[in-house]
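Here are the chains, one letter per residue:
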Amino acid sequence: LYTGAAIPATLGLMKVFLVEDAPLLRERLVALIASVGASTVGHAEGAREAIDGILASGPDAVVLDLHLKEGNGFEVLRAVRKTAPAVAFFVLTNHPHEGYRASAERLGARGFYDKSSEFDKLRDALAAAAA
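Residues numbered from 1 in each chain as written. Predicted model: local features only at pLDDT ≥ 70, side-chain atom pairs only at ≥ 80, totals over all residues. Heavy atoms only, no water.

J.: Go over the sheet that holds strand 3 (residues 61-64), please, and point to the residues and values.
T.: Sheet architecture is open: five strands sit in the order 2-1-3-4-5, paired in parallel fashion. Sheet topology places strand 2 (38-44) and strand 5 (111-114) at the edges, where each strand pairs with a single neighbour. Each adjacent strand pair in this sheet contributes to an overall mean axis angle of 20 degrees, direction not counted. Pairing of strand 1 (residues 14-19) with strand 2, which is carried by six bridges, proceeds in the parallel orientation. Bridged to valine 19 within strand 2 is alanine 44. Those strands touched by helix 3 (residues 73-83) are strand 3 and strand 4 (88-93), and its axis lies near 180 degrees from that of strand 4. (Pairing = 2+ DSSP bridges. Helix = DSSP H or I, 4+ residues; strand = E, 2+ residues; numbered from the N terminus. Axes fitted to C-alpha atoms, helices over the stretch in contact; angles between N-to-C directions. Contact = heavy atoms within 4.5 Å.)

Structure below.
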């Protein structure tokens, strides 16, 4: 569901692409992104859609779920990092296993956060990236 650029890049806001398949959580994350002075430039629910949307919208950062409707976040990380290595990835997952964390970091994720307890840490990381 790539929706295109919501805020023109000329405003100087950090642009964030959101990859999350749960609508209510997606709404919460859009609000969190706005709260740090960043703009959401699009979102996707599946891996292929996410890759296409990220590459088309040119975000500064991506908030990425690992478990998607089709594919997974590791596929997204691998594909985008090859083409757009400067994009900062922040993984937010219900599966905060150390093996997943290590894989995400090895693929270039800047942060790895548990959906059940680390929204404040994600917000702080996004705020630091936006500064």
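J.: A description of the pairing of strand 1 should follow, citing residues and the corresponding values.
T.: Among the six residues of strand 1, six are classified as buried, and the element is accordingly described as predominantly covered. Burial along strand 1 is two-sided: the residues Met14, Val16 and Leu18 and Lys15, Phe17 and Val19 are all buried. Following the backbone out of strand 1, through helix 1 (residues 23-35) and into the adjacent parallel strand 2, one traces a crossover that is right-handed. Looking at chain direction, strand 1 and strand 3 are connected through four bridges and run parallel. For valine 19, the partnering residue across the bridge sits in strand 3 and is leucine 64. (Buried < 20%, exposed > 50% of the residue type's maximum accessible area, 1.4 Å probe, protein only. Right-handed = clockwise from strand over helix to strand, strands pointing away.)

J.: An account of the packing of aromatic side chains is needed here, citing residue identities and associated values.
T.: Within the structure shown, the criterion is met by one aromatic pair. The ring of phenylalanine 119 has arginine 28 lying over it, and the distance from NZ or CZ to the ring centre is 3.7 Å. (Phe/Tyr/Trp six-rings, centres within 6.5 Å; stacked < 30°, edge-to-face > 60°. Lys NZ or Arg CZ within 6 Å of the ring centre and 35° of its normal.)

J.: Give me the lowdown on helix 3, citing residues and values where you can.
T.: What helix 3 keeps buried is the set Gly73, Phe74, Val76, Leu77 and Val80. Within helix 3, the buried residues cover an arc of 155 degrees as seen down the axis, which keeps them to one side. In helix 3, those exposed residues whose orientation departs by more than 90 degrees from the buried face are Lys82 and Thr83. Contacts from the buried residues of helix 3 go to helix 2 (47-57), strand 3, strand 4 and helix 4 (98-106). A side-chain oxygen of the first residue of helix 3 lies 2.8 Å from the backbone nitrogen of phenylalanine 74; this N-cap is asparagine 72. (Arc of directions from axis to C-beta. Polar contact = N/O pair within 3.5 Å; in protein donor to acceptor, adjacent residues only side chain to side chain.)

J.: Please give an account of the packing of helix 2 against helix 3 that cites residues and values.
T.: A pair of packed helices is captured by two measures, namely the crossing angle of their axes and the spacing between those axes. At their nearest, the axes of helix 2 and helix 3 sit 9 Å apart, and the two run at 25 degrees to each other. The pairing of helix 2 with helix 3 is recorded here as roughly parallel in orientation. Viewed along their axes, helix 2 and helix 3 form a crossing whose handedness is right-handed. For the pair helix 2 and helix 3, contact is made by Ala47, Ala50, Ile51, Ile54 and Leu55 and by Glu75, Val76, Ala79, Val80 and Thr83, respectively. Looking at side-chain class alone, the contact of helix 2 with helix 3 contains eight nonpolar, one polar and one charged residues. (Parallel < 35°, antiparallel > 145°, perpendicular 65-115°, else oblique. Left-handed = near helix turned anticlockwise from the far one by under 90°. Nonpolar A, V, L, I, M, F, W, Y, C, P; charged D, E, K, R; others polar.)

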